[in-house]
Amino acid sequence: MEKNQIIELEITDLSYEAMGVAHYEGMTVFVNNALPGETVEAKILKVKKHFAFAKIEQIIKESPDRVNIKLNQWVQTGLASLAHIKYDKQLEFKRNQVVNLLQKAHLDDVKVGETLPSPEQTGYRNKAQVPVREVKGQLEIGFFRKHSHDLVPLTNFFTTDPEIDRVLVAVRDILRQYRVPAYDEIHNQGEIRYLDIRRSKATGEIMVILVCLHKDFPQLPKVAEAIKQIAGVTSLVLNYNPKKTNVILGKVDYLIFGKPQITDQIGDVKFKISPESFFQINSLQTPRLYDLAIKKANLQPDDIVIDAYSGIGTIGLSVAKLVKSVRGIESVSDAVKDANNNAKLNGINNAKYVAGKAEEVMPRWAAKGMKADVIFVDPPRKGLTPEFIEAAVKTGPKKIVYISCNPATMIRDLQEFMNEGYTFSQIDPVDMFPQTPHVEAVTVLEWTRK
């Protein structure tokens, strides 16, 4: 097998990145945009020792599960790499990810629920972080082609709230009008690196964040005045990121006009969100995710709850009215301020948030005699550290509610908790990111060792 060779392949499976899987002369071939059951003519793009990558030249036999989308840029960029698959099959694919991971861990007895579908399958994202680059002499917004830094210009981002798409295009046109230079990552020069736009589905407020190489630029006053005229925009923030880095946001924000936060809502709880605060992307699915986690936790009125990785308090404040008290821990100090302010905003008096690392704070609480009944964890993709697991166990919780955006690290961590005397019987997948391979998952660990 060699690069540029054209071969006929039968697709037998999907990889966890949603690429079609085929076998040819003892090699595994990953085919972008191909589905199980299809026969395709494919062009080899890259050959490794035991596997190769290919793209479809022609579909000879098409799967009945295929959705023929007109704009395949969404699939090319990875923004919506499942967009060519019927939604019920997307849900099945996500459930199978969890099933396969459990089988690899020899946890076949664990039940996997059906994937909870999202109320919206497109236009659900309440936030967009979109790179800005020069393409053919013109400032463009879009997304990078998979495994590259080639920008594919886009005006419709498919999974993003259409109101955000409207504002993205309007801001792009303003930047072009005033000849603001796009960022050049090779030479670390230019100005606008990213457009970061957040919109509240509850209030309609829109925050525009210009991620810039400098603290100021000559055209800023005119650009700000023009952005102020865009319908729905309630604030403009300049985020200063001078480093040559792939990290999107810098550490300093300057409020150019409007309110420093937008207000959104989960269930009946309101949240003020600062530019760098984490807030779940799918506004309509988030209450359903939390309701599922809370129902499975079977909380009692005298429970003491720890909300670890608490962010701006979304989980802790959602359960506060059901329990005796909530103690939250978060490493980002601005998010801690937001969480405590959000408690006041909602008249919640039994929730308090502190800044720090959970694995350092919880042992101090345990040393002072604090015992938690339930711990909620919703960690980043890398999952929990061994130090966190040890610290969590020290507080003696009867239950640990684990919400994960990465089932692979979740199952690794669950095995560690099993070694400490906890058991779990079911994992429930939740579709927070339709059209993408990402799957959220929820489980409850219970203390069973006597």
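Residues numbered from 1 in each chain as written. Predicted model: local features only at pLDDT ≥ 70, side-chain atom pairs only at ≥ 80, totals over all residues. Heavy atoms only, no water.

Under an unreviewed UniProt entry, the chain has the name 23S rRNA (Uracil(1939)-C(5))-methyltransferase RlmD and belongs to Lactobacillus kullabergensis.

J.: What is the right way to look at the overall build of the chain in this model?
T.: A count of helices and strands for the chain gives 10 helices and 24 strands. Taken against the 2.2 N^0.38 rule, which gives 22 Å for 450 residues, the C-alpha radius of gyration of the chain at 24 Å falls within 12% of a compact globule. On the principal axes, the C-alpha backbone points of the chain span a range of 65 × 60 × 35 Å. Looking at the chain as a whole, 52% of its 450 residues are labelled buried. Long-range pairs, those at least 24 residues apart, make up 64% of the contacts in the chain with a sequence separation of at least 6. Carbon together with sulfur atoms contributes 50% to the accessible area of the chain, which is approximately 20800 Å² in total. In the chain, 59 positive and 55 negative side-chain charges are present, and the distance between their average locations comes to 4 Å. (Helix = DSSP H or I, 4+ residues; strand = E, 2+ residues; numbered from the N terminus. Rg over C-alpha atoms; globule rule 2.2 N^0.38 Å. Buried < 20%, exposed > 50% of the residue type's maximum accessible area, 1.4 Å probe, protein only. Contact = heavy atoms within 4.5 Å. Areas by Shrake-Rupley, 256 points an atom, 1.4 Å probe, with all protein chains shown as cover. Lys, Arg positive; Asp, Glu negative; His and termini not counted. Charge placed at Lys NZ, Arg CZ, Asp CG, Glu CD.)

J.: Would you mind showing me how to read helix α9 (residues 386-394) here?
T.: The periodicity of an α-helix, 3.6 residues per turn, causes residues three or four places apart in sequence to face the same way. Taken as a whole, α9 has its buried residues at Phe388, Ile389, Ala391 and Ala392. Projected down its long axis, α9 shows its buried positions confined to an angular sector of 165 degrees, all on one face. Those residues of α9 hidden inside the fold are in contact with β17 (304-308), α8 (358-367), β20 (374-377) and α10 (407-419). Backbone geometry just downstream of α9 places Gly396 in the positive-phi region, at approximately 65 degrees. (Arc of directions from axis to C-beta.)

J.: Is there a simple way to explain the pairing of β20 in this structure?
T.: One face of the sheet, then the other: side chains in a regular strand alternate in exactly this way. The side-chain alternation of β20 yields two buried faces, one formed by Val374 and Phe376 and the other by Ile375 and Val377. Relative to β20, β17 is paired through 4 bridges, and the arrangement is parallel. Each residue of the ladder has a partner; that of Ile306, found in β20, is Ile375. When β20 meets strand β21 (residues 399-404), the two strands line up parallel, connected through 4 bridges. Looking at β21, one finds that Val377 is bridged to Tyr402. Taking the sense of rotation as the criterion, the β-α-β connection linking β20, α9 and β21 turns out right-handed. (Pairing = 2+ DSSP bridges. Right-handed = clockwise from strand over helix to strand, strands pointing away.)

J.: What is the right way to read the nonpolar core from this model?
T.: One finds Leu299, Val305, Leu317, Val326 and Phe376 to be the most contacted residues of the largest nonpolar core, which totals 46 residues. Excluding residues that lie within four positions of it along the chain, Val305 makes contacts with Leu299, Val319, Val323, Ser325, Val326, Arg327, Val374 and Phe376. With 35 residues, the next largest nonpolar core counts Val130, Val171, Leu175 and Ile192 among its residues. (Core = buried A, V, L, I, M, F, W, Y, C linked by side-chain atoms within 4.5 Å.)

J.: Looking at this model, I keep getting lost on the packing of α8 against α9. Mind explaining?
T.: Running from N to C, α8 and α9 cross one another at 20 degrees; their axes reach a closest spacing of 8 Å. One element, α8, and the other, α9, form an angle in the roughly parallel class. For α8 against α9, the interelement crossing comes out left-handed. Residues Ala358, Glu359, Met362, Pro363 and Ala366 of α8 pack against Glu387, Phe388, Ala391, Ala392 and Lys394 of α9. (Axes fitted to C-alpha atoms, helices over the stretch in contact; angles between N-to-C directions. Parallel < 35°, antiparallel > 145°, perpendicular 65-115°, else oblique. Left-handed = near helix turned anticlockwise from the far one by under 90°.)

J.: I tried to follow the sheet that holds strand β14 (residues 252-258) on my own but got confused; where do I start?
T.: The pairing of strands in a sheet comes from backbone hydrogen bonds and takes either a parallel or an antiparallel form. Spatial strand order, β10-β9-β8-β11-β12-β13-β14: 7 strands in an open sheet with mixed pairing. Strands with a single pairing partner mark the edges of an open sheet, and in this sheet they are β10 (151-153) and β14. Ignoring which end each strand starts from, the neighbouring axes of this sheet average 35 degrees apart. When strand β13 (residues 233-240) meets β14, the two strands line up antiparallel, connected through 6 bridges. Within β14, the position partnered with Leu238 by the bridge is Tyr254. Helix-sheet contacts for helix α3 (residues 162-177) involve β8 (127-135), β9 (138-144), β11 (192-199), β12 (206-212) and β13, and the interaxial angle to β11 is about 150 degrees.

J.: Would you explain the UniProt feature "active site" (unreviewed entry) in the chain in this entry?
T.: Under the UniProt annotation, the feature "active site" (unreviewed entry) is placed at Cys405. If you trace the backbone, Cys405 turns up in the loop between β21 and α10. Leave out the neighbours within four places in its chain, and Cys405 touches Pro379, Pro380, Arg381, Val439 and Glu440. (UniProt positions renumbered as here; feature names shortened; annotations may be inferred.)

J.: Explain the packing of aromatic side chains to me, please; I cannot follow it from the model alone.
T.: Each aromatic ring pair is summarised here by two numbers: the centre-to-centre distance and the angle between the ring planes. Counted by the stated rule, this structure contains 7 aromatic pairs. Here the aromatic rings of Phe271 and Phe279 are separated by 6.1 Å at their centres, their planes lie at 55 degrees, and the arrangement is tilted. The buried category is assigned to Phe271, whose relative accessible area is 0%. Summarising the aromatic geometry, the rings of Tyr309 and Phe388 are spaced 5.5 Å apart at their centres and angled 40 degrees between planes, so their arrangement reads as tilted. In this pair, Tyr309 sits in the loop between β17 and α6 (314-319) while Phe388 sits in helix α9, placing the two residues 79 residues apart along the sequence. Owing to a relative accessible area of 26%, Tyr309 belongs among the partly exposed residues under this scheme. What links up through ring pairs into an aromatic cluster is the set Phe30, Phe51 and Phe53. Residue placement shows Arg193 over the ring face of Tyr183; its charged tip is 4.2 Å from the ring centre. A cation over a ring is seen here: Lys228 above Phe257, with NZ or CZ 5.2 Å from the ring centre. (Phe/Tyr/Trp six-rings, centres within 6.5 Å; stacked < 30°, edge-to-face > 60°. Lys NZ or Arg CZ within 6 Å of the ring centre and 35° of its normal.)

J.: Is there a simple way to think about empty space enclosed by the protein in this case?
T.: Which parts of space are left empty comes out when a probe the size of a water molecule is rolled across the atoms. Applying the stated criterion to the full structure yields 1 cavity of 30 Å³ or more. Volume-wise, the largest cavity comes out at about 40 Å³. Around the largest cavity sit Asn126, Lys127, Arg198, Arg199, Ser200, Ile262, Asp264, Ile273 and Phe279, which together line it. If you list the elements that add at least two residues to the lining of the largest cavity, you get β11 and β15 (262-266). Here the residues of the lining of the largest cavity are counted per class, giving 3 nonpolar, 2 polar and 4 charged. (1 Å grid on protein atoms, 1.4 Å probe; cavity = no way out; pocket = protein on both sides within 12 Å on 5 of 7 lines; lining within 4 Å. Points joined across faces, edges and corners; volume = space filled by probe spheres on them. Nonpolar A, V, L, I, M, F, W, Y, C, P; charged D, E, K, R; others polar.)

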